[in-house]
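Here is what each chain is made of, one letter per residue.
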Amino acid sequence: MDVKISSLAERPDMLDRVVGMADTWPRFVVNDLVGNAHYGRIARELPQYVQFAQDECGEVVAHAYSVPFALRTEDRGELPDRGWDEMLVWAFADLREGVRPDTVSAVSVVIAPQAQGLGLSGQMVTAMRDNARALGFDEVVAPVRPSAKHLEPRTPMEEYAHRVRPDGLPHDPWLRVHARAGATVHAVAPASMTVAAALPDWRRWTGLPFDTAGDIEVPGALVPVRCEPAHGFAVYVEPNVWMRHRL
C-alpha cells in the first residue's frame with residue numbers, strides 16, 4: 001500500500017485526525033490505568049515521536065507512537081518486568097524532571113480497520129526506527145504484544161515468545177514483523193499491563209458472565225483473566241515480549 005508517512009511535529013494540524021483514527025483494541029485493554037494516564041499525552045507532548053500514514057486520499061490509516069526515556073542509569077539499566085506500564089511511567093517521569101533520554105521505546109503501532117493486512121505494520125516499525133535514528137538514538141526497544149498469542153492463552157509466554165518457524169523467524173506474526181526490521185527477542189515482561197476492575201465492568205467489556213471463580217478465557221486476552229466473584233473483582237495481568245532494535 002502506497003502511503004505518505006509524516007510526524008505530528010511536522011504536521012500539528014493532523015492531531016485530531018491521528019488521535020481520532022479508529023482502532024480494533026479489545027475494550028478491556030484500553031482500561032489499563034497506567035495507559036489511560038499517559039498514552040493520550042504522547043501525541044500532544046511528544047509529537048516528534050508520533051508518525052502517521054495517509055493513503056492516496058489523505059485519510060489517516062496508521063500511526064506509531066513511541067517515547068524517549070533513560071534506560072542506562074544506575075537505578076534502571078534493565079528493561080522492566082512491568083514492561084509497557086513501567087516504561088510509560090519512566091518516560092513521563094524523565095520528561096517531567098528533565099532527564100536526558102538515551103533510548104526510545106515503541107508504545108504502539110495501530111492500523112485502521114480498513115487498512116489491515118496490507119503491510120503497513122512493517123512500514124510503521126521502519127518509520128519509528130528511522131525517526132529514532134534521526135533524533136540521535138542508537139536503540140529502539142519494544143514491549144511487543146504478540147498478535148496471535150490470544151489463540152493460545154494458556155501457553156506460557158516464555159515458550160511462545162521463543163517459538164520459531166523453520167526459517168528461524170518468530171512463529172508469531174507481530175514478533176516476526178519486528179524481527180524482519182532487525183529486532184531480536186530480549187526477554188519476557190511478565191507483568192507488562194494490569195487491568196483490575198469490578199465484575200460489572202468486565203461483564204460490560206466482554207459480554208461474559210464473570211460469575212465463576214478462577215481463570216477465565218476472554219477473547220483478545222493473551223492470558224486468562226483471574227476472576228474472584230466472592231470479592232467482586234477480576235484481574236488481567238498481560239505479559240509482553242521485550243524486543244530490541246539496534247540502529
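Analysis parameters
- Residues numbered from 1 in each chain as written.
- Predicted model: local features only at pLDDT ≥ 70, side-chain atom pairs only at ≥ 80, totals over all residues.
- Heavy atoms only, no water.
- Helix = DSSP H or I, 4+ residues; strand = E, 2+ residues; numbered from the N terminus.
- Rg over C-alpha atoms; globule rule 2.2 N^0.38 Å.
- Buried < 20%, exposed > 50% of the residue type's maximum accessible area, 1.4 Å probe, protein only.
- Phe/Tyr/Trp six-rings, centres within 6.5 Å; stacked < 30°, edge-to-face > 60°.
- Contact = heavy atoms within 4.5 Å.
- Polar contact = N/O pair within 3.5 Å; in protein donor to acceptor, adjacent residues only side chain to side chain.
- Salt bridge = Lys/Arg side-chain N within 4 Å of Asp/Glu carboxyl O.

Asker: Sorry, what's going on with the overall build of the protein chain here?
Answerer: When you go through the protein chain residue by residue, the secondary structure sums to seven helices and nine strands. Taken against the 2.2 N^0.38 rule, which gives 18 Å for 247 residues, the C-alpha radius of gyration of the protein chain at 18 Å falls within 12% of a compact globule. In terms of overall dimensions, the protein chain has C-alpha extents of about 50 × 45 × 45 Å along its principal axes. Going through the 247 residues of the protein chain one by one, you find that 51% of them count as buried.

Asker: Looking at this model, I keep getting lost on the environment of Ala93. Mind explaining?
Answerer: Assignment of secondary structure puts Ala93 in helix α3 (residues 83-97). Looking at Ala93, the relative accessible area reads 13%, which means it is buried. Spatially, the C-alpha atoms of Ala93 and Ala70 are 9.9 Å apart, while their sequence positions differ by 23 residues.

Asker: Got a minute to help me understand the packing of aromatic side chains in this structure?
Answerer: The geometry of two aromatic rings is summed up by the distance between their centres and the angle between their planes. Enumeration according to the criterion identifies eight aromatic pairs in this entry. Measuring from ring centre to ring centre gives 6.1 Å for Phe69 and Trp90, while their planes differ by 35°; the resulting arrangement is tilted. On the criterion of sequence distance, the pair formed by Phe69 in strand β3 (residues 60-69) and Trp90 in helix α3 is long-range, its members being 21 residues apart. Comparing Phe69 with Trp90 shows no difference in burial state: the two are buried. Aromatic ring contacts, followed pair by pair, group Phe28, Trp202, Trp205, Phe210 and Tyr236 into a single cluster.

Asker: I would appreciate a short explanation of the environment of Asp94 in the present structure.
Answerer: Relative to the assigned elements, Asp94 resides in helix α3. Considered as a pair, Asp94 and Ala127 are 33 residues apart in the sequence and their alpha carbons are 24 Å apart. Setting aside anything within four residues of it in sequence, one finds Asp94 in contact with Phe69, Ala70, Arg76 and Val99. A polar contact of 2.9 Å, which involves the side chain of Asp94, links it to the side chain of Arg76.

Asker: In this structure, what is going on with the pattern of salt bridges? I would like to understand it.
Answerer: Oppositely charged side chains can pair when the atoms bearing their charge come close. Applying the stated criterion across every chain, the model contains 18 salt bridges. Asp13 serves as the salt-bridge partner of Arg11, at 2.7 Å between the closest nitrogen and oxygen. As a salt-bridge pair, Arg133 and Asp130 come within 3.1 Å of each other at their nearest N and O atoms. Residue Arg133 and its partner Asp130 are both found in helix α4 (residues 120-134); the two are separated by three residues, about one turn of the helix.

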